[in-house]
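Structural features, examined
These are the residues of each chain, in order.
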2 protein chains.
Amino acid sequence: MITLEAVAKTLLEKDNILILTHRSPDGDTIGSGYALCIALQRLGKAVRVECSDTIPQKYAYFTEKAKRVEFDEKFIVSVDVADTQLLGDRLSVYADKIDICIDHHGSNTHYAKDLYVEPGAAATAQIIARLIRLMGVETDRDIANAVFTGLSTDTGCFRYTNVTSETHRTAADMIDCGAESGMINRLMFETKSRARMDIERRTLDTMEFFAGGRCAVVYTTLDMIKSADASDSDMEGISSMTRQIEGVVAGVTLREQENGRFKISVRTTDELDASVICSEFGGGGHKAAAGCVIKGTLDEAKSAITGAVCRAIEENI
Amino acid sequence: MITLEAVAKTLLEKDNILILTHRSPDGDTIGSGYALCIALQRLGKAVRVECSDTIPQKYAYFTEKAKRVEFDEKFIVSVDVADTQLLGDRLSVYADKIDICIDHHGSNTHYAKDLYVEPGAAATAQIIARLIRLMGVETDRDIANAVFTGLSTDTGCFRYTNVTSETHRTAADMIDCGAESGMINRLMFETKSRARMDIERRTLDTMEFFAGGRCAVVYTTLDMIKSADASDSDMEGISSMTRQIEGVVAGVTLREQENGRFKISVRTTDELDASVICSEFGGGGHKAAAGCVIKGTLDEAKSAITGAVCRAIEENI
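Residues numbered from 1 in each chain as written. Chains lettered and ligands numbered in written order. Predicted model: local features only at pLDDT ≥ 70, side-chain atom pairs only at ≥ 80, totals over all residues. Heavy atoms only, no water.

Quick notes on the overall build of chain A
Counting its secondary structure elements, chain A contains twelve helices and eleven strands. Taking 2.2 N^0.38 as the reference for a compact globule, 317 residues should give roughly 20 Å; the C-alpha atoms of chain A span a radius of gyration of 22 Å, in line with that estimate. Projected onto the principal axes, the alpha-carbon positions of chain A cover approximately 60 × 40 × 35 Å. Scored against the burial criterion, the 317 residues of chain A give a buried share of 55%. In chain A, of all internal contacts separated by at least 6 residues, the share reaching a separation of at least 24 is 66%. Averaged over its 36 positive side-chain charges, chain A has a centre that lies 2 Å from the centre of its 48 negative ones. (Helix = DSSP H or I, 4+ residues; strand = E, 2+ residues; numbered from the N terminus. Rg over C-alpha atoms; globule rule 2.2 N^0.38 Å. Buried < 20%, exposed > 50% of the residue type's maximum accessible area, 1.4 Å probe, protein only. Contact = heavy atoms within 4.5 Å. Lys, Arg positive; Asp, Glu negative; His and termini not counted. Charge placed at Lys NZ, Arg CZ, Asp CG, Glu CD.)

Given below as structure tokens:
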């Protein structure tokens, strides 16, 4: 571990800097990468951001503000990348060459020559905002938009429990520096594809309750996904719908796979351990969110997982 | 208009203070009322909050922190009440006796002897936080929870365009003073009643698209509301579901009324003026959100409003 001051000092000395983001990029890795890239370009340095996957077009309002430059990299920084596996195929060639990693994941595997990790930060972008100040670069609107995007996307728009007063203060600073927070939040949180709306509706239609309303179960079959023309990204967050319902302590989502199996997600409130329930079927995860795979028909998979959840409710609550 | 400093000075001089909130109370009127009440009680004053309607139990984490006291009121303050009509039946007796009104609605009708209104504030609670500081009362956890609730509920958890850097800074200050932001956001934003989930599902099932996907229409009949056992509060925000869909510039929600009429909500993006469309049917509202009432069967009402919306789309976009 080095200090953020040391990171700032080193970056000020280097040039031809390559910034690596994680695969399946989200708003925090892209926002952090581009905020840092734009700040370093403002200092006249040659810098670019790379990602193994295509960066979604919806982030264009800040990604297009960085100059596209080609150069032979002399210094490599990774942002929001907890493990080299998360670099993805195309960037795996850099796995053992990363000079500095800046991250907020407590699970960071310390793969870089130097590491700055702050598990208490809601987003890596929260750290990047401080780093840019330490480097003495003025936070302009483009940098502010990138940082704000990282903050809001990694916190469910300031809703999750990872939000601290520093998160809100950083958001306030970014707005004062010109971040278009209203536009960003609308783009990130208020727009659903028709396919997403359709698969959500079809999935909600399957909802059943067990254990006196304390367990809610929904499923999505391959036919439903095909009819709705839904992609993987349309399915994001579908499994959190069940736990939102008043009185529900365990929400179960079954998603049919190609090979006669069902991928199961279990979401629980504080009273119940989802990972214990999923471990009965060879799965695992966190206390509040875990998963497993069950082979069989829909009815078989549903009665197996529902039985396990109802037993856990009877035993624990 | 008086200054907030003058409001603080006056309140410090008064005792036996009655604080009035608006009918159908939301998190901002209740959070503002109780934050101010608790702060004034800390100064040893006799203060209580009144509302024409029952204050929902979900706000108990701060409403129960105020002492319940009876006294003959000598000074009357209203918070977040734009017009005396909004006091509701039970409190209408105070309509012409209000000494100070503290509000953030630009539409405030200036009914109180003294008014402090700040239309740029995202929530009245944002003003109350400053007022409490001006009175020299320390913001403890109970006050912070009440203020934070007002801020987060009136901004859709910091998502709407009314959020400014001061909103985020006030939220940060409240967290530093002990506000349980994670618990509050979960309680306010992640919990849906089964009836709400059910009516949402039934309403989504009715969705139709017009004008090449640019107009989305849903409806809710009395039968659907009865089958879902949904109350008025379960219906909140139902009409904003349509506008979230990618490519939709106008979302229309029809809600059947008892008397063979349909209450229509039209939500639009920047390109279209909802109030102009609704004025064709004798209704009105804002540019992005307006309403009207149409008499007739479901099919008649639907084709009338859909026709008007599609014409507006053809003419304007």
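Section: the pattern of salt bridges
This structure, assessed with the given rule, holds 44 salt bridges over all chains. Of the charged contacts in the structure, one is a salt bridge between Asp140 of chain A and Arg42 of chain A, with a shortest N-O distance of 2.6 Å. On the criterion of sequence distance, the pair formed by Asp140 of chain A in the loop between α5 (124-134) and α6 (141-154) and Arg42 of chain A in helix α2 (residues 27-42) is long-range, its members being 98 residues apart. Residue Asp140 of chain A is classed as partly exposed on the basis of its relative accessible area of 21%. Note on Arg42 of chain A: relative accessible area 42%, which makes it partly exposed. Where Glu180 of chain B meets Arg141 of chain B, a salt bridge forms, and the shortest distance between an N and an O atom there is 3.9 Å. In this pair, Glu180 of chain B sits in the loop between α7 (165-176) and α8 (181-189) while Arg141 of chain B sits in helix α6 (residues 141-154), placing the two residues 39 residues apart along the sequence. (Salt bridge = Lys/Arg side-chain N within 4 Å of Asp/Glu carboxyl O.)

A few points about the nonpolar core
In this structure, Leu36 of chain A together with Leu36 of chain B are the most contacted members of the largest nonpolar core, which totals 100 residues. Not counting the four nearest positions on each side in its chain, Leu36 of chain B is found in contact with Leu11, Ile19, Val77, Val79, Ile102, Ile128, Leu131, Ile132 and Met135 of chain B. Membership of the second largest hydrophobic core comes to 30 residues, among which are Met235, Ile245 and Val248 of chain A together with Met235 of chain B. (Core = buried A, V, L, I, M, F, W, Y, C linked by side-chain atoms within 4.5 Å.)

Comments concerning the sheet that holds strand β5 (residues 114-117) of chain A
Within a sheet, each strand pairs with its neighbour through backbone hydrogen bonds, oriented either parallel or antiparallel. Residues and elements named next belong to chain A. Here we have five strands laid out as an open sheet, ordered β2-β1-β3-β4-β5, and parallel in their pairing. Both outer strands of the open sheet, β2 (47-50) and β5, are each paired with one neighbouring strand and no more. The mean inter-strand angle of the sheet, taken between neighbouring strand axes irrespective of direction, is 20°. Relative to strand β4 (residues 100-103), strand β3 (residues 75-79) is paired through three bridges, and the arrangement is parallel. Residue pairing in the sheet places Val77 in a bridge with Ile100 of β4. On top of the sheet, α2 reaches β1 (17-20), β2, β3 and β4; it is set at about 170° to β2, its chief contact. Against the sheet, α5 contacts β3, β4 and β5, and its axis sits at roughly 120° relative to β4. (Pairing = 2+ DSSP bridges. Axes fitted to C-alpha atoms, helices over the stretch in contact; angles between N-to-C directions.)

Re the relation of the copies chain B and chain A
Rotating chain B by 180° and translating it 0.0 Å along the rotation axis places it on chain A, where the RMSD comes to 0.4 Å. In symmetry terms, the pair is related by a two-fold rotation axis. A symmetric contact is evident, with 100% of the interface residues of chain B recurring at the interface of chain A. (Least-squares fit on C-alpha atoms with pLDDT ≥ 70 in both.)

Some details on the interface of chain B and chain A
At the junction of the two partners, chain B supplies 39 residues and chain A supplies 39 residues. Counting each side, the surface lost to burial between chain B and chain A is near 3,600 Å², with a carbon and sulfur contribution of 56%. Applying the counting rule to chain B against chain A returns six salt bridges. Across the salt bridge formed by Arg169 of chain A and Asp173 of chain B, the nearest N and O atoms sit 2.7 Å from each other. Those elements that place two or more of their residues in the side of chain B that touches chain A are α7, α8 and α9 (194-204) of chain B. In terms of residue count, the dominant contributor to the side of chain B that touches chain A is α7 of chain B (eight residues). (Buried area = accessible area lost by both parts, 1.4 Å probe.)

Observations concerning the sheet that holds strand β2 (residues 47-50) of chain B
All names here are of chain B. The strand order across the open sheet built from five strands is β2-β1-β3-β4-β5, with neighbouring strands paired in parallel fashion. Whereas interior strands pair on both sides, the edge strands pair on one side only; in this sheet they are β2 and β5 (114-117). The sheet shows a mean angle of 20° between the axes of neighbouring strands, taken without regard to direction. As paired elements, strand β4 (residues 100-103) and β5 share four bridges and run parallel to each other. Opposite Asp103, over in β5, you have Val117 as the bridge partner. Each of β1 (17-20), β2, β3 (75-79) and β4 touches helix α2 (residues 27-42); the most contacted strand, β2, lies at about 170° to it.

Quick look at the packing of helix α9 (residues 194-204) of chain A against α9 of chain B
Following both chains from N to C, one finds α9 of chain A and α9 of chain B inclined at 125°, their axes separated by 9 Å at the closest point. Judged by the angle between their axes, α9 of chain A and α9 of chain B are oblique. Our pair here, α9 of chain A against α9 of chain B, has a crossing hand that is left-handed. Contacts between α9 of chain A and α9 of chain B involve Met197, Arg201 and Leu204 of chain A from the former and Met197, Arg201 and Leu204 of chain B from the latter. Across the contact of α9 of chain A with α9 of chain B, the residue classes break down as four nonpolar, no polar and two charged. (Parallel < 35°, antiparallel > 145°, perpendicular 65-115°, else oblique. Left-handed = near helix turned anticlockwise from the far one by under 90°. Nonpolar A, V, L, I, M, F, W, Y, C, P; charged D, E, K, R; others polar.)

Focus on the packing of α2 of chain B against α6 of chain B
Angle between the axes and distance between the axes are the two parameters that describe a pair of packed helices. Residue and element names in this part refer to chain B. Viewed as axis vectors pointing N to C, α2 and α6 meet at an angle of 160°, and their least axial separation amounts to 8 Å. With respect to α6, the axis of α2 lies roughly antiparallel. Once α2 is placed against α6, the crossing between them reads as left-handed. The residues of α6 that touch α2, namely those facing Gly27, Asp28, Gly31, Ala35, Ile38, Ala39 and Arg42, are Asp142, Ile143, Ala146, Val147, Thr149, Gly150, Thr153 and Asp154. Grouping the amino acids of the contact of α2 with α6 by side-chain chemistry returns six nonpolar, five polar and four charged.

So, the environment of Ser181 of chain A
Structurally, the position occupied by Ser181 of chain A is in helix α8 (residues 181-189). For the pair Ser181 of chain A and Gly247 of chain A, spaced 66 residues apart in sequence, the C-alpha separation works out to 34 Å.

Remarks on the state of the cysteines
Tallied over the full model, the rule gives zero disulfides over all chains. Cys37 of chain A provides the cysteine sulfur closest to Cys51 of chain A, a residue in no disulfide bond, and the two sulfurs are 13 Å apart. Classification of Cys51 of chain A by relative accessible area gives buried; the value is 5%. For Cys310 of chain B, which is in no disulfide, the shortest distance to another cysteine sulfur is to Cys215 of chain B and amounts to 4.9 Å. A relative accessible area of 18% means that Cys310 of chain B is categorised as buried. (Disulfide = S-S within 2.5 Å.)

Concerning the side chain of His104 of chain B
Residue and element names in this part refer to chain B. Topologically, His104 is positioned in the loop between β4 and β5. The buried category is assigned to His104, whose relative accessible area is 11%. There is a polar contact of 3.3 Å between the side chain of His104 and the side chain of Asp80. Polar contacts involving the side chain of His104 include one to the main-chain carbonyl oxygen of Ala121, which spans 2.9 Å. The residues touching His104, leaving out its near neighbours within four places in the chain, are Asp28, Asp80, Val117, Glu118, Pro119, Ala121, Ala122, Ala123, Thr124, Ile127 and Asp154. (Polar contact = N/O pair within 3.5 Å; in protein donor to acceptor, adjacent residues only side chain to side chain.)

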